[in-house]
Amino acid sequence: MLYSQTDPATKRAQFRERLASGELLRMPGAFNPLSARLIQDKGFDGVYISGAVISADLGLPDIGLTTLTEVAGRSQQISRMTDLPTLVDADTGFGEPMNVARTVQSLEDAGVSGLHIEDQVNPKRCGHLDGKAVVDTDTALKRIRSAADARRDPNLLIMARTDIRAVDGLDAAMDRAKQLVDAGADAIFPEAMRDLSEFEAMREAVEVPILANMTEFGKSELFTTTQLSNIGVNIVIYPVTLLRSAMGAAERTLDAINADGTQQSVVAEMQTRARLYELLDYEGYNAFDSSVFNFTLDSHH
Ligand SMILES: C[C@](O)(C(=O)O)[C@H](CC(=O)O)C(=O)O
Ligand SMILES: [Mg+2]
């Protein structure tokens, strides 16, 4: 009822343990707190909180317009609804190294298990678009050092994302990843890798866990979990996948109402009222107060 029963410190410790096991952790992006419940219900390993989704949800492009307060608020709403670890996209850290420190503490207070900070210049853009620019090495390392220094829970995972592959190539990406690890990064997110061999090269380059971003319509092919786990990738994210699916379904429903004058033809694809109530744990609330849960399957379809 109401919230996850697992406190943030426990989730962080469990996340660290799972990462150390070497198995591939699958973390789909939740587009709202309710979808985090669905991700947990379906047996996934963690919940990703995507910057692209937070901005799209607000009707904004993913170019660094969202604020730390908005991202921390959404992180808290999502993290409190799941027992799974959450990993949040902290973009460029929302400012200079001192701001990065404040970002880390705000997100830690929001209950996330980990966060990633990237080396793009502001205004940032989606990692799979052209025309990105990255900051110099010194600035990139300062961001990660101040992130690592700022956390109060040593289990909070500080992941460094590098976007340099698309700008200066794979060798530069491997060099930067090593330097980011030396600066205190617990894990590496190599953005916009072109193929599996590039992930393999990155796997060889660093000892810490690495993440693969399986975002659709981007620069990477959509590799299977078997392919990724065979080469030793530790986390796979599907950042915008559920939002894209939900929005695709919403478009089809609106088209059906336009075409037929009723949504009847798409009702069979919808999540039912009963399934929604199951996810919301209506019954748990009923046990608390029997006047709350008075829904019967017979009276509604
Ligand atoms: C992972 C990512 O940073 C995100 O915000 O979810 C995006 C995803 C996307 O735009 O498809 C990214 O830059 O890859
Ligand atoms: Mg992002």
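Thresholds applied
Residues numbered from 1 in each chain as written. Chains lettered and ligands numbered in written order. Predicted model: local features only at pLDDT ≥ 70, side-chain atom pairs only at ≥ 80, totals over all residues. Heavy atoms only, no water. UniProt positions renumbered as here; feature names shortened; annotations may be inferred. Pairing = 2+ DSSP bridges. Helix = DSSP H or I, 4+ residues; strand = E, 2+ residues; numbered from the N terminus. Axes fitted to C-alpha atoms, helices over the stretch in contact; angles between N-to-C directions. Contact = heavy atoms within 4.5 Å. Near = heavy atom within 4 Å. Polar contact = N/O pair within 3.5 Å; in protein donor to acceptor, adjacent residues only side chain to side chain. Areas by Shrake-Rupley, 256 points an atom, 1.4 Å probe, with all protein chains shown as cover. Core = buried A, V, L, I, M, F, W, Y, C linked by side-chain atoms within 4.5 Å. Buried < 20%, exposed > 50% of the residue type's maximum accessible area, 1.4 Å probe, protein only.

In the nomenclature of an unreviewed UniProt entry, the chain corresponds to Methylisocitrate lyase from the organism Rhodoglobus vestalii. Per UniProt, the chain carries the Sequence similarities (unreviewed entry) text "Belongs to the isocitrate lyase/PEP mutase superfamily. Methylisocitrate lyase family."

Let us now look at the sheet that holds strand β8 (residues 235-238). Hydrogen bonds between backbone atoms are what pair the strands of a sheet, whose relative direction is either parallel or antiparallel. Read from one edge of the open sheet, 3 strands run β1-β8-β7, paired in parallel fashion. Two strands close off the open sheet at either side, each with one partner strand: β1 (25-28) and β7 (211-213). The average angle at which neighbouring strand axes cross in this sheet is 20 degrees, direction not considered. Summarising the sheet, β7 and β8 pair through 3 bridges and their orientation is parallel. Looking across to β8, one finds that A212 is bridged to V236. Against the sheet, helix α1 (residues 8-20) engages β1 and β8, with an angle of about 130 degrees to β1.

Below, the discussion takes up the site of ligand 1. Surrounding ligand 1, one finds 16 residues, the nearest of these being S50, A52, G127, E191 and T215. Between an oxygen atom of ligand 1 and a main-chain N or O atom of G127, the distance comes to 2.7 Å. One nitrogen or oxygen atom from the side chain of N213 is found 2.9 Å from an oxygen atom belonging to ligand 1. Relative to its free-state accessible area of 340 Å², ligand 1 is covered by the protein chains to the extent of 95%.

Moving on, we get to the sheet that holds strand β5 (residues 157-162). An order of β2-β3-β4-β5-β6 is seen for the 5 strands of this open sheet, with the pairing classed as parallel. At either end of the open sheet lies a strand with only one pairing partner, and these are β2 (47-49) and β6 (187-190). Across this sheet, the average inter-strand angle for adjacent strands is 25 degrees, counted without regard to direction. Bridge count between β5 and β6: 4 bridges; the pairing is parallel. Looking across to β6, one finds that A160 is bridged to I188. This element, helix α5 (residues 97-109), spans β3 (86-89), β4 (114-118) and β5 of the sheet and lies at about 155 degrees to β4.

To continue, consider the nonpolar core. Soluble globular proteins tend to bury their nonpolar side chains together. Ranked by size, the top nonpolar core spans 57 residues in total, and within it V104, L107, L115, I188 and L228 carry the most contacts. The contacts of L115, once residues within four sequence positions are left out, are L87, V88, A90, V104, L107, L156, L157, I158 and M159. Judged by nonpolar contacts, the second largest core, of 13 residues, contains F15, L87, M159 and L211.

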